[in-house]
Amino acid sequence: DGGITQSPKYLFRKEGQNVTLSCEQNLNHDAMYWYRQDPGQGLRLIYYSQIVNDFQKGDIAEGYSVSREKKESFPLTVTSAQKNPTAFYLCASSIDTTVNYGYTFGSGTRLTVV
Amino acid sequence: AQSVTQPDIHITVSEGASLELRCNYSYGATPYLFWYVQSPGQGLQLLLKYFSGDTLVQGIKGFEAEFKRSQSSFNLRKPSVHWSDAAEYFCAVGTSNFGNEKLTFGTGTRLTIIP
């Protein structure tokens, strides 16, 4: 079945370390997105990519970095510059660069700083 | 700026009772509107969407939503809830900024079902 795979499901990081969250899709979708979810704040957009080798900052990009070297993959790196990285991270994709079809979401990665 | 407001943070409903979750949006053009559901520790699943045409849209799991332009609302309804409907529900509006289209989400409404 086609879908979005996020790994790992749980991730623990020591302060000062960078960590990379994986997001892979086999839907042949053009666009991919990373959201951060915190209780009571809904989903906030970190980065998005509408085409391979191109990406744009979302509303809360500071302390994060991404790459889009392949259509299927959109990894997110949480750097040591991110002051409060503990959160639930969701990856999503859409068929094209419009919102006509909505987004398909992965099952998320919960990152905890210890 | 475009925005979505879900006024109710938490709603408790008895099993078998009807449900209405509120969503208000702010957007200058005709909006693309969505409702998603999220079970604990999981991703979001699309319930239904509205682009144009009939203002009452049907979705999965027995949900429906009505677009009311005059009230800038897109409320989600279900005539009789089941215990499995307990989850968090997000309303979203599709927005366009210089050709970059993306979804803006509300802060969510957590639904609790009591026996």
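Our structure is the block above this text.
In this text the structure is predicted, and so the values were computed from the model without any measurement.

**Remarks on the pattern of salt bridges**
Consideration 1: For the structure on display, the rule yields seven salt bridges over all chains.
Consideration 2: The salt bridge partner of aspartate 8 of chain B is arginine 22 of chain B, with a shortest N-O separation of 2.9 Å. With aspartate 8 of chain B in the loop between strand S1 (3–5) and strand S2 (10–14) and arginine 22 of chain B in the loop between strand S3 (19–21) and strand S4 (24–26), the pair connects residues that are 14 residues apart, well separated along the chain.
Consideration 3: Among the residues examined, aspartate 8 of chain B registers a relative accessible area of 18% and is labelled buried.
Consideration 4: The closest approach of N and O atoms between lysine 78 of chain B and aspartate 85 of chain B, which form a salt bridge, is 2.8 Å.
Consideration 5: Aspartate 85 of chain B sits in the buried class, given a relative accessible area of 4%.
Consideration 6: Through salt bridges with shared partners, a single network forms among Arg36, Asp38 and Arg44 of chain A.

**A word on the layout of surface pockets**
Consideration 1: By volume, the largest pocket amounts to about 450 Å³.
Consideration 2: Lining the largest pocket are 23 residues, with Gln37, Pro39 and Gly40 of chain A together with Gln38 and Glu88 of chain B sitting closest to its centre.
Consideration 3: Per-element accounting of the lining of the largest pocket gives the leading share, three residues, to strand S10 (residues 87–97) of chain B.
Consideration 4: Tallied by class, residues from the lining of the largest pocket come to ten nonpolar, nine polar and four charged.
Consideration 5: Its boundaries defined by the atoms lining it, the second largest pocket holds a volume of some 170 Å³.
Consideration 6: Taken together, Tyr35, Leu43, Arg44, Leu45 and Asp59 of chain A together with Gln2, Thr95, Lys102, Leu103, Thr104 and Phe105 of chain B make up the lining of the second largest pocket.
Consideration 7: Secondary-structure elements contributing two or more residues to the lining of the second largest pocket are strand S5 (42–51) of chain A together with strand S11 (100–105) of chain B.
Consideration 8: For the lining of the second largest pocket, the element with the most residues is S11 of chain B, which contributes four residues.

**What to know about unusual backbone geometry**
Consideration 1: A cis geometry characterises the amide bond from serine 7 of chain A onward to proline 8 of chain A, with omega recorded as -10 degrees.
Consideration 2: Locating proline 8 of chain A in the fold gives a position in the loop between strand S1 (4–7) and strand S2 (10–13).
Consideration 3: With a phi close to 60 degrees, lysine 61 of chain B is a non-glycine residue in the positive phi region.
Consideration 4: Structurally, the position occupied by lysine 61 of chain B is in the loop between strand S7 (56–58) and strand S8 (64–68).
Consideration 5: Of note, serine 72 of chain B is a non-glycine position whose phi angle comes to about 50 degrees, a positive value.
Consideration 6: The topology assignment puts serine 72 of chain B in the loop between S8 and strand S9 (73–78).
Consideration 7: Residue classification places serine 72 of chain B among the partly exposed residues on the basis of a relative accessible area of 26%.

**With respect to the state of the cysteines**
Residues and elements named next belong to chain B.
Consideration 1: Summed over the entire model, instances satisfying the criterion amount to two disulfides over all chains.
Consideration 2: The residue that forms a disulfide with cysteine 23 is cysteine 91, at a sulfur-sulfur distance of 2.0 Å. Sign of the S-S torsion, about -65 degrees for the bond between cysteine 23 and cysteine 91, identifies this disulfide as left-handed. Of this pair, cysteine 23 sits in the loop between S3 and S4 while cysteine 91 sits in strand S10, and the two are 68 residues apart along the sequence. The pair formed by cysteine 23 and cysteine 91 is uniform in burial state, with each residue classed as buried.

Rules and cut-offs
Residues numbered from 1 in each chain as written. Chains lettered and ligands numbered in written order. Predicted model: local features only at pLDDT ≥ 70, side-chain atom pairs only at ≥ 80, totals over all residues. Heavy atoms only, no water. Salt bridge = Lys/Arg side-chain N within 4 Å of Asp/Glu carboxyl O. Helix = DSSP H or I, 4+ residues; strand = E, 2+ residues; numbered from the N terminus. Buried < 20%, exposed > 50% of the residue type's maximum accessible area, 1.4 Å probe, protein only. 1 Å grid on protein atoms, 1.4 Å probe; cavity = no way out; pocket = protein on both sides within 12 Å on 5 of 7 lines; lining within 4 Å. Points joined across faces, edges and corners; volume = space filled by probe spheres on them. Nonpolar A, V, L, I, M, F, W, Y, C, P; charged D, E, K, R; others polar. Disulfide = S-S within 2.5 Å.

Treat this as a map of the structure, not an account of what it does.
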